[in-house]
Amino acid sequence: MTVTALVVDDEVDLCRLMQITLTKMGIKSDVAYTLSQARAYWQQNDYDFCLTDLKLPDGSGLELVKHISNSSSTPIAVITAHGSMDLAIEALKLGAFDFVNKPLELPRLRQLVENALKVIHQNNEAEAAPECSPEQQMLDSRLIGDSAVMHPLKNTILKLARSQAPVFLSGASGTGKEVVAKLIHDLSPRRDGSFVPVNCGAIPSELMESEFFGHKKGSFTGAVADKQGLFQQANGGTLFLDEVADLPLAMQVKLLRAIQEKTVRAIGDTKELPVDIRILSATHKDLNQLVQSGLFRQDLYYRINVIELKLPTLNARRDDIPVLAKHFLALIAKEWQLDTPPSLTAAACERLQHHDFAGNVRELRNLLERAVTLAETYTIDVSHLGLAELDTQQSQNTNAVDNTALTSNPSNYKEDNQPAIASVINKEEIGQTSTVKQSEQAKTNLHPYRTITQHYPSTIQRSMANSIESDRSPISSIEQELTTSHTTHDEQTRSKEDFQSQLLPAKGLEHYLQEQEKNLIITALKQTGWNKTQAAELLGTTFRSLRYRMKKLDIAEDQAD
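Residues numbered from 1 in each chain as written. Predicted model: local features only at pLDDT ≥ 70, side-chain atom pairs only at ≥ 80, totals over all residues. Heavy atoms only, no water.

A. Quick look at the overall build of the chain. When helices and strands are tallied, the chain shows 24 helices and 18 strands. In the chain, buried positions account for 40% of the 561 residues. Taking as baseline every contact in the chain between residues at least 6 positions apart, the subset at least 24 positions apart corresponds to 68%. About 31900 Å² of surface is accessible on the chain, with carbon and sulfur atoms providing 51% of the total. (Helix = DSSP H or I, 4+ residues; strand = E, 2+ residues; numbered from the N terminus. Buried < 20%, exposed > 50% of the residue type's maximum accessible area, 1.4 Å probe, protein only. Contact = heavy atoms within 4.5 Å. Areas by Shrake-Rupley, 256 points an atom, 1.4 Å probe, with all protein chains shown as cover.)

Here's what the structure looks like:
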């Protein structure tokens, strides 16, 4: 079956060049020079793909892009003049699958047409098996979940896979951004090319240009051989820039030119090389906020954020937790070479669905790995998860304790905000409250990575309990204890200062150290019968050093007596 194409441009010579190139590739084409003529051709004939200029005599090519994208799945590419990247980005957002810049380069045009033919082939396969296409099977097997938020996400991924537009994946850490990026690549016409993921925050700034664009031998110290950069490695495939917000500003300028011109120059090279890549980027940070604060270039933001795909958190898709847990347990059993895949009890599964996953899907897998390790059998129960009890039960217990403390002995409550409110607490209530709090802490302190601060009765509480036992006024007892403790503390402080002042040397630190050194040397000499060699060995020094110190400290041999 012959592939047909519609070429729309107002330049006659350029239309003839594109028509000749398409004919050599075995593609039949029709040429339209205006927007109205292109619409008439489109209504009268069936085309496999369309190639249109954005600036036409009677209108804009964006109108044709919007019309074709809304009415069919036919791939449409746009031709842009140099410097009109904003229009190209707008066309990609409206549904165009790729763009090519003027002046038109034939190798780049052939690449675009080949990508369009791959999209056509995918569309034909999907129409042949609409119920369960290979793309849908791959999507369901690798993107686990069937909740309400997952259906539109999967449909959007299928649409993005057919396009060549840059995609920005936003979402919290652990939501599976790299999984979605790899899925977009494997579902796209670039599936036969390389998928090159790179963590922008893990590359030192000094080596970033060499890692991205490569270098030539001898271009700098240590460049002993030519090296391909990440752009060259991803040629014909997809380059995934993870944590793109961590790129330094100097590298953002160079990355912007590489994305816009689709050419790179290695360090030490004299010419630029064309690359055919698709850019996918992701970060857990708010890029818009970084742009406003001046930490991320606005022009690069609009280049990589042509289409934004927001990934939901695991808390927003709790219905998928049982399916995800079963999937991860099967993977763990395969990786750890277990005879039988572990399984969750109903109580454990329910507890997972009520857990607040701050780390999203990554936290779920880590939690299951720990549970498989701690479980003695292949059945994982709630106790193996290491999670605290639900917060609702904790809040109910806390409210019960607070109500007991506030409602006991209400007749003694005073509204004049005096310390006499302490009289409502008796010794029995203090013991009950302490017992309840300790039991709560014993119940909630089950997670191995979460600690709970133990609260002990304060000095004031103990003094209150003693005052109640002795039937004395709580206010006077507290004041008396505070006064006594204050007086005792002052006396201890003064005695400590007097003792420390007595320890200080009267003639200064230097004189004190010299006296100590002199006494040590005389002691060593006495023990050795004033044998300087043996005394030096005893002190751990040399003979010459000992003689020097004896002379310095005025230690004469006649002191032997």
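After presenting the structure, the write-up continues.
B. Representation of the pattern of salt bridges within the structure. In total, this model carries 21 salt bridges according to the counting rule given. For aspartate 186, the salt bridge identified is with arginine 142, shortest N-O distance 2.7 Å. Note that aspartate 186 is positioned in helix α8 (residues 177-187) and arginine 142 in helix α6 (residues 134-142), a separation of 44 residues in sequence. Judged by its relative accessible area of 33%, arginine 142 is partly exposed. Here arginine 257 makes a salt bridge to glutamate 272, at a shortest N to O gap of 3.2 Å. A residue pair is termed long-range when its members are at least 10 positions apart, and arginine 257 in helix α11 (residues 249-261) and glutamate 272 in the loop between β13 (263-264) and β14 (273-274) qualify at 15 residues. Several salt bridges share partner residues, and in doing so they unite Asp98, Arg108, Arg190, Lys262 and Asp276 into one network. (Salt bridge = Lys/Arg side-chain N within 4 Å of Asp/Glu carboxyl O.)

C. Fine view of the environment of arginine 370. Assignment of secondary structure puts arginine 370 in helix α16 (residues 360-374). Between the C-alpha atoms of arginine 370 and histidine 384, which are 14 residues apart in sequence, the distance is 8.1 Å.

D. Expanded view of the packing of aromatic side chains. By the definition in use, this model includes 6 aromatic pairs. Summarising the aromatic geometry, the rings of tryptophan 42 and tyrosine 47 are spaced 6.1 Å apart at their centres and angled 20 degrees between planes, so their arrangement reads as stacked. Across the pair, tyrosine 47 and tryptophan 42 agree in class, each one buried. Considering the side-chain rings of phenylalanine 195 and phenylalanine 240, the 6.2 Å spacing of their centres and the 20 degrees angle between planes classify their relative orientation as stacked. With a gap of 45 residues between them, phenylalanine 195 in strand β9 (residues 195-199) and phenylalanine 240 in strand β12 (residues 238-242) connect regions that are remote in the sequence. Each member of the pair, phenylalanine 195 as well as phenylalanine 240, is classed as buried. Grouping aromatic residues by their ring pairs yields a cluster made of Phe212, Phe213 and Phe231. (Phe/Tyr/Trp six-rings, centres within 6.5 Å; stacked < 30°, edge-to-face > 60°.)

E. Examining the packing of helix α3 (residues 61-71) against helix α4 (residues 85-94) more closely. Contact geometry of α3 with α4 gives a least axis separation of 9 Å together with a crossing angle of 15 degrees. Relative to α4, α3 is oriented roughly parallel. Taken as a pair, α3 and α4 cross one another with a handedness that is right-handed. Along the contact surface, α3 presents Leu62, Val65 and Ser69, while α4 presents Leu87, Glu90, Ala91 and Leu94. Considering only residue class, the contact of α3 with α4 consists of 5 nonpolar, 1 polar and 1 charged. (Axes fitted to C-alpha atoms, helices over the stretch in contact; angles between N-to-C directions. Parallel < 35°, antiparallel > 145°, perpendicular 65-115°, else oblique. Left-handed = near helix turned anticlockwise from the far one by under 90°. Nonpolar A, V, L, I, M, F, W, Y, C, P; charged D, E, K, R; others polar.)

F. Inspection of empty space enclosed by the protein at higher detail. Counted under the stated rule, the structure contains 2 cavities of 30 Å³ or more. Volume-wise, the largest cavity comes out at about 190 Å³. Lining the largest cavity are 18 residues, with Phe99, Pro166, Ile259, Lys262 and Ile277 positioned closest to its centre. If you list the elements that add at least two residues to the lining of the largest cavity, you get α4, β7 (98-101), α11 and β15 (278-283). It is α4 that contributes the most residues to the lining of the largest cavity, 3 residues altogether. Classifying every residue of the lining of the largest cavity by side-chain character gives 12 nonpolar, 1 polar and 5 charged. (1 Å grid on protein atoms, 1.4 Å probe; cavity = no way out; pocket = protein on both sides within 12 Å on 5 of 7 lines; lining within 4 Å. Points joined across faces, edges and corners; volume = space filled by probe spheres on them.)

G. Representation of the side chain of arginine 317. Positionally, arginine 317 belongs in the loop between β16 (307-310) and α14 (321-335). If we ignore the near neighbours within four places in the chain, the residues touching arginine 317 are Ile144, Gly145, Ser147, Val149, Met150, Pro312, Leu324 and Val361.

H. Local environment of the sheet that holds β15. Strand order in the open sheet formed by 5 strands is β9-β12-β15-β8-β16, and the pairing between neighbours is parallel. Edge positions in the sheet fall to β9 and β16, since each has one partner strand and no second. For this sheet the average axis-to-axis angle between neighbouring strands, irrespective of direction, equals 20 degrees. Alignment of strand β8 (residues 167-170) against β15, held across 4 bridges, turns out to be parallel. The residue bridging serine 170 from the neighbouring strand is threonine 283, located in β15. With respect to the sheet, helix α7 (residues 150-162) is in contact with β8, β15 and β16, its orientation differing from that of β16 by roughly 150 degrees. Strands β8, β9, β12, β15 and β16 of the sheet are contacted by α8, whose axis makes an angle of about 165 degrees with β15. (Pairing = 2+ DSSP bridges.)

I. Quick look at the nonpolar core. Val8, Leu143, Ile157, Leu169, Val180 and Leu309 are the most contacted members of the largest nonpolar core, which has 47 residues in total. Take this core: its biggest share by element is 6 residues, from α7. In this view, valine 180 contacts Leu143, Ile157, Leu169, Leu309 and Leu311; residues no more than four positions away in its chain are not counted. Membership of the second largest hydrophobic core comes to 32 residues, among which are Val196, Met208, Leu230 and Tyr301. (Core = buried A, V, L, I, M, F, W, Y, C linked by side-chain atoms within 4.5 Å.)

J. Structural view of the confidence of the model for the chain. Across the chain, pLDDT averages 79, with 77% of residues at or above 70. Below pLDDT 50 for its whole length, residues 393-476 participates in 59 contacts with residues either more than four positions away or in separate chains. (pLDDT = per-residue confidence, 0-100.)

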